[in-house]
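# A look at the structure
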Amino acid sequence: MFLQGTCSLKGAKALGTEFYTPFQTLYLTSTGYPNAYPQFHIVATQNNTTVSITPAANIVGTTANSTKTVTLNRGETFAARAETFMQTARLAGSHIEADKPVAVTVCDDLLFVGSSADVTGDQLVPVEGLGSTYVVIRGFAGSSSENVFILATQDNTEVSINGGTPTSLSAGQQMIHPMPTDLTAVIESNYPVYVYQLSGFGASSTRTELGAVLIPSMYSIGSRRIAFNKEASNTHNIFVLVRAGCEDGFTVNGDPTVLQASDFTTVPNMTDWKYARKDITSVATGVVSVSNSKGAFSLGYFYGTSTSATSFGYFSAFGTFEFSAITYMCGPSVTLAGGYARSYEWYFGGVLVGTGPSYEATEVGTYTLEMDQDGTTVTASTTVVRVNAGTIAAQYFCSAPTSSAPLTVVGAVAPDDTEYQWQSSPTGIEGSWTTIPDSISPTYTPTTQTQTRYYRRGMSSRYCDWAYTDAAVVAIVTAGTITTGDQIKCESDTEPFRLLEVSGSYGDTYRWQKSDDGVNWTDIPGPTGATATYQPLPQTSRTLYYRRGTTANSCAMVYTDAVTVSISSCTLPVNPHLMGRFRGN
């Protein structure tokens, strides 16, 4: 028998020293399988970890509400299994305390609904990683199979749903909120609670394959990119929750048409947030990357059928809100988006710069956000870094054909997931670039070439669209031509000679020379003589010749043809007949 299920591992956010265990309490586990019981598992991360377990119902070896103490070494697991498969034997509200960080997973093996049986469960977060505000999005089960289980962690916990009358709970006590038709539920409490959703595919009167997930609190929404692996068959959906105004910022595997603003609906009782239930069955199998350029979001992945199995998991961040350590700025600014909060204060350089849920950063440096999350102040910081495509050094050769060394980019600032693509061009101007096949590595070695070509590297990431280095030339050293041409002016002319400029030259070192006869040449000394252009100085000689030499890479100097710069007397001939007309009265 094959059953599929998802248990989203939460990394460091799953580790803690105090837990309560939420469980569904509506359905029997299978009576046809001898090991199908409600259970929770505790795994230690350090040696000599002392764990105290107070089960809410009888477990093997321990009666309800009595405390069992076990010692675990790193990697060892203690499995607490209920004695029976009855609904009344569920372990909801069991209390776990440890003197070193542990991880806890809950599991209900083979829940029966009609003729269906499916495994449910999820990894928990500790009490310190819980919140007091949650939004639950309904799945696709029958009206009686969509339920939310809310478990208190402190006495005198008041829980209200969709703004209704609060229900009072004690620590370890759990309540059920049915969702027969409502597509969302807003859950608020005065103390942190666990929110555990039971959902699935199919009508409960025939077959319903169930899945269960721990819901992330609104406090934890901080991810702007979430990736998961999409299976090859069945029906696939994602549940997405995002701040209003950011719903048009999504791409799925880089495609902005899969999840659009029109897919979102305002969350009742929380109108500044929007949600979507989106079928992504048509998206290609494999890794699916969902990104938002405008703000953070939470995401649940829901797949299966009513006749095989349901798999359900949330891949959002859990625990408290936090930024990525680095935020990449692609253009003149980047939007920093806070999580759910009652109020916001943004600081840059210790100065308050904003009080809204987001801030448009235009300078690089560290930004700090202080948020009031239902009375608790949460502080998060991120350092804004400007993305830089970098530069490539030119390469020059003395003669053709050229066999280039690897082209290496320096000074680039790029995110870890950056993709690269090299391009070439005969001119180095826009519109002339061609993508080089299979050139997706950070460096590229051009093939042997007989003429000058230009190269550049593009880079793209989940943060930024394509950006390119400046063009880098791979060329044979060439002198080029002085485009200014010969110059001549009158002795009385006070205007300077035109600047001498060269085109079609390839090299990185220059030498200007002058001559009285165009045969014997003298170097023009000083920094001016080493520049790419040259300004002829005032002269008394009738004619001077100028040329420029170019070299690179220890090649022999090559020279342009000479141009002349001449002085003329510019004396006009005397016309006595013309002058006579102005004599006399």
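Fair warning: this is a prediction, and the values are worked out from it, not measured in the lab. (Residues numbered from 1 in each chain as written. Predicted model: local features only at pLDDT ≥ 70, side-chain atom pairs only at ≥ 80, totals over all residues. Heavy atoms only, no water.)

### Let's talk about the overall build of the protein
In terms of helices and strands, the protein carries one helix and 46 strands. Against the 2.2 N^0.38 benchmark of 25 Å for 585 residues, the protein shows a C-alpha radius of gyration of 37 Å, more extended than a compact globule. In terms of its C-alpha atoms, the protein occupies a principal-axis envelope of roughly 130 × 65 × 50 Å. Per-residue burial over the protein gives 48% buried out of 585 residues. Computed over 32 positive and 47 negative side-chain charges, the inter-centroid distance for the protein is 8 Å. (Helix = DSSP H or I, 4+ residues; strand = E, 2+ residues; numbered from the N terminus. Rg over C-alpha atoms; globule rule 2.2 N^0.38 Å. Buried < 20%, exposed > 50% of the residue type's maximum accessible area, 1.4 Å probe, protein only. Lys, Arg positive; Asp, Glu negative; His and termini not counted. Charge placed at Lys NZ, Arg CZ, Asp CG, Glu CD.)

### Some details on the packing of aromatic side chains
According to the stated counting rule, one finds 23 aromatic pairs in the structure shown. Aromatic pair phenylalanine 140 and phenylalanine 239: ring centres 5.9 Å apart, planes at 45°, arrangement tilted. One end of the pair, phenylalanine 140, is in strand S9 (residues 140-141); the other, phenylalanine 239, is in strand S17 (residues 235-243), with 99 residues separating them in the sequence. Assessed through its relative accessible area of 24%, phenylalanine 140 is described here as partly exposed. Among the residues examined, phenylalanine 239 registers a relative accessible area of 0% and is labelled buried. Here the aromatic rings of phenylalanine 321 and phenylalanine 323 are separated by 5.1 Å at their centres, their planes lie at 80°, and the arrangement is edge-to-face. Each member of the pair phenylalanine 321 and phenylalanine 323 is classed as buried. Pairwise contacts between aromatic rings join Phe321, Phe323, Trp346, Phe348, Tyr359 and Tyr367 into one cluster. (Phe/Tyr/Trp six-rings, centres within 6.5 Å; stacked < 30°, edge-to-face > 60°.)

### Here we look at the sheet that holds strand S26 (residues 343-348)
Paired through their backbone hydrogen bonds, the strands of a sheet run either parallel or antiparallel. Taken in spatial order, the five strands line up as S24-S30-S29-S26-S27 in an open sheet, and their pairing is mixed. Lying at the two open borders of the sheet, with one neighbouring strand each, are strand S24 (326-329) and strand S27 (351-354). On average, adjacent strands in this sheet sit at an angle of 35° to one another, irrespective of strand direction. With six bridges joining them, S26 and strand S29 (residues 365-373) adopt antiparallel strand pairing. Looking at S29, one finds that tyrosine 344 is bridged to methionine 371. (Pairing = 2+ DSSP bridges. Axes fitted to C-alpha atoms, helices over the stretch in contact; angles between N-to-C directions.)

### Observations regarding the sheet that holds S17
Strand order in the open sheet formed by five strands is S19-S20-S17-S22-S23, and the pairing between neighbours is antiparallel. Taken across any chain shown, the strands that pair with only one partner, and hence form the sheet edges, are strand S19 (265-267) and strand S23 (310-314). Each strand axis lies, on average, 20° off the axis of its neighbour in the sheet, ignoring direction. As defined by bridge partners, strand S22 (residues 297-304) adjoins S23 across five bridges and the pair is classed as antiparallel. In the sheet register, glycine 304 faces S23, and the bridge partner there is threonine 310.

### Digging into the side chain of threonine 418
Structurally, threonine 418 can be placed in the loop between strand S33 (409-410) and strand S34 (419-425). Relative accessible area serves as the criterion here: at 12%, threonine 418 is assigned to the buried category. For threonine 418, the side chain forms a polar contact with the main-chain oxygen of proline 415, separated by 2.8 Å. Excluding its chain neighbours within four sequence positions, the residues that come into contact with threonine 418 are Met459, Ser460 and Ser461. (Polar contact = N/O pair within 3.5 Å; in protein donor to acceptor, adjacent residues only side chain to side chain. Contact = heavy atoms within 4.5 Å.)

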